[in-house]
Amino acid sequence: MKGSGEEGQVKLLGASISPFVARVRIALALKGIHYQFVEENLQNKSELLLQSNPIHKKIPVLIHNGKPVCESMIIVQYIEEAWGNKAPNLTSKDPYDRAIARFWAAFVDDKLVPCLRGVFTGQGEQQEKAIQESVANFLILEEALRTNPCSSGKLYFGGDEIGFVDIALGGLSGFVKALQKAISSVLIDEEKMPLLSAWMDRFCEANGVKEVMPDPAKYWNLYPP
């Protein structure tokens, strides 16, 4: 998709298999923003990527009218603010609700993602510990779906529409599904986490999501995201 019109020039540097790139692609798709997707070879990174993200040298990078924005959830926030006139709203207009959403998105990145990486790379007792910690974190998210005022009785963490927390967690869905299959262990138990399990199925089939969600089968052709 090529950037044009009111969006200006929008380019996304990434890898189609990356769950973090998926977050950005979902946000762009939901907002209906046209962009050029540049597939990066992570073992031979382009000069554009290295120049655009000289600190971390990582994907994703969104380039809007020549200006780079790095880190997936920072990019999602940028998309919401830069194209705030485009529906749907990915964040609440209420400052408290926005703060709560940022809290849970940070929980996903700071607590859950390291555990999932541990499941992927660990062996023996180390992997088992990472599995237990991942399950514990998913149980916390199940409870958040049950009790958080923004999500209780709603379809998504953000309410009736996909929002900031949904994108943060949902971008990882393909990786989580692939991981469960690879380790022959359940991380999201339908009986213990009925709300989270139903949420994940609903999210992955949503318009704007299913079109850009990485194929779980392809994860094992690459190293960890």
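Residues numbered from 1 in each chain as written. Predicted model: local features only at pLDDT ≥ 70, side-chain atom pairs only at ≥ 80, totals over all residues. Heavy atoms only, no water.

1. Brief notes about helix 1 (residues 19-31)
For clarity, the cut-off: In DSSP terms, a helix is any run of H or I states spanning at least four residues, a strand is any run of E spanning at least two, and both are numbered starting from the N terminus. To estimate how far a helix should extend, the number of its residues minus one is multiplied by 1.5 Å. Relative accessible area decides the class of each residue, using a 1.4 Å probe on protein chains only: under 20% of the type maximum gives buried, over 50% gives exposed, and in between gives partly exposed. We define a polar contact as two N or O atoms separated by no more than 3.5 Å, with the added condition that, inside protein, one atom must be a possible hydrogen donor and the other a possible acceptor, whereas residues neighbouring each other in sequence contribute only through side-chain atom pairs.
The first and last C-alpha atoms of helix 1 sit 19 Å apart over 13 residues, in line with the 18 Å expected at 1.5 Å per residue. When helix 1 is considered as a whole, its buried residues turn out to be Pro 19, Phe 20, Val 21, Ala 22, Arg 23, Val 24, Arg 25, Ile 26, Ala 27, Leu 28, Leu 30 and Lys 31. Between the side-chain oxygen of the N-cap and the backbone nitrogen of Phe 20 there are 3.2 Å, and the N-cap of helix 1 in question is Ser 18. Phi turns positive, to about 70°, at Gly 32, one or two residues after helix 1.

2. Considerations on the domain arrangement of the chain
One widely used convention gives an interface's size as the accessible area the parts lose upon coming together. Applied cut-off: Domain ranges listed in this record stem from an automatic or a database domain assignment. By definition in these notes, contact holds between two residues if any of their heavy atoms fall within 4.5 Å. Summed over both partners, the accessible surface that disappears when two parts come together, traced with a 1.4 Å probe, is what is meant by buried area. What counts as a salt bridge is simple: a side-chain nitrogen of Lys or Arg found within 4 Å of a carboxyl oxygen of Asp or Glu.
With domains assigned, the chain is organised as domain 1 (10-83) and domain 2 (95-221). The C-alpha centroid of domain 2 is placed 21 Å from the C-alpha centroid of domain 1. Every contact between the two is made by 15 residues of domain 1 and, on the other side, 21 residues of domain 2. Each partner contributes to the roughly 1500 Å² buried at the junction of domain 1 and domain 2, and carbon and sulfur atoms together form 76% of this total. The largest share of the area that domain 1 buries against domain 2 comes from Ile 17, Arg 23 and Ile 26, three residues that together contribute 37% of it. Linking domain 1 with domain 2 are one salt bridge.

3. Points about the packing of helix 4 (residues 95-121) against helix 5 (residues 124-147)
Formally: Lines fitted to C-alpha atoms define the axes here, with helix axes fitted over just the stretch in contact, and angles between the N-to-C directions of these axes take values from 0 to 180 degrees. Each angle receives one of four descriptions, namely roughly parallel if under 35 degrees, roughly antiparallel if over 145, roughly perpendicular if within 65 to 115, and oblique otherwise. The handedness criterion is simple: a crossing whose near helix is rotated anticlockwise from the far helix by less than a right angle is left-handed, and one whose near helix is rotated clockwise is right-handed. For this scheme, ten residues count as nonpolar: Ala, Val, Leu, Ile, Met, Phe, Trp, Tyr, Cys and Pro. Four count as charged, namely Asp, Glu, Lys and Arg, and the remainder, Gly too, count as polar.
The geometry of helix 4 relative to helix 5 is characterised by a closest axis approach of 7 Å and an angle of 155° between their N-to-C directions. With respect to each other, helix 4 and helix 5 are oriented roughly antiparallel. Relative to helix 5, helix 4 is oriented so that their crossing is left-handed. Together, Trp 104, Phe 107, Lys 111, Leu 112, Cys 115, Leu 116, Gly 118 and Val 119 of helix 4 and Gln 127, Ala 130, Ile 131, Glu 133, Ser 134, Asn 137, Phe 138, Ile 140, Leu 141 and Ala 144 of helix 5 make up the contact between the two elements. Among the residues forming the contact of helix 4 with helix 5, the class breakdown is 12 nonpolar, four polar and two charged.

4. Quick look at the pattern of salt bridges
In total, this model carries five salt bridges according to the counting rule given. One salt bridge in this structure joins Asp 160 and Lys 154, with 3.9 Å as the shortest N-O distance. Ionic contacts of the salt-bridge type, sharing partners, join the residues Glu 142, Glu 143 and Arg 146 into one network.

5. Notes on helix 4
Counted only if it meets this: The bend at a residue is defined as the angle formed between two axes, one fitted to the seven residues ending at that residue and one fitted to the seven starting there.
The terminal C-alpha atoms of helix 4, which comprises 27 residues, lie 38 Å apart, in line with the 39 Å expected from a rise of 1.5 Å per residue. Of all the bends in helix 4, the greatest reaches close to 35° and is centred on Leu 112; the proline Pro 114 follows between one and four positions later. Residues of helix 4 that are buried: Ala 101, Trp 104, Ala 105, Phe 107, Val 108, Leu 112, Val 113, Cys 115, Leu 116, Gly 118 and Val 119. Its side-chain oxygen 3.0 Å from the backbone nitrogen of Tyr 96, Asp 94 forms the N-cap of helix 4.

6. Some details on the UniProt feature "domain: GST N-terminal" (unreviewed entry) in the chain
Note the threshold: UniProt positions are given in the numbering used here, feature names are shortened, and annotations may be inferred rather than shown by experiment.
Within the UniProt annotation, "domain: GST N-terminal" (unreviewed entry) is assigned to residues 8-87. The span residues 8-87 shows a helical share of 38% and a strand share of 21%, and its end C-alpha atoms are spaced 18 Å apart.

7. A word on the packing of helix 7 (residues 173-183) against helix 8 (residues 194-204)
With their axes 11 Å apart at the nearest point, helix 7 and helix 8 run at an angle of 120° to one another. Judged on the interaxial angle alone, helix 8 and helix 7 are oblique. Helix 8 is crossed by helix 7, and the crossing has left-handed handedness. Across from Ser 173, Val 176 and Lys 177 in helix 7, the residues of helix 8 making contact are Met 200, Asp 201, Phe 203 and Cys 204. Class assignment for the residues of the contact of helix 7 with helix 8 results in four nonpolar, one polar and two charged.

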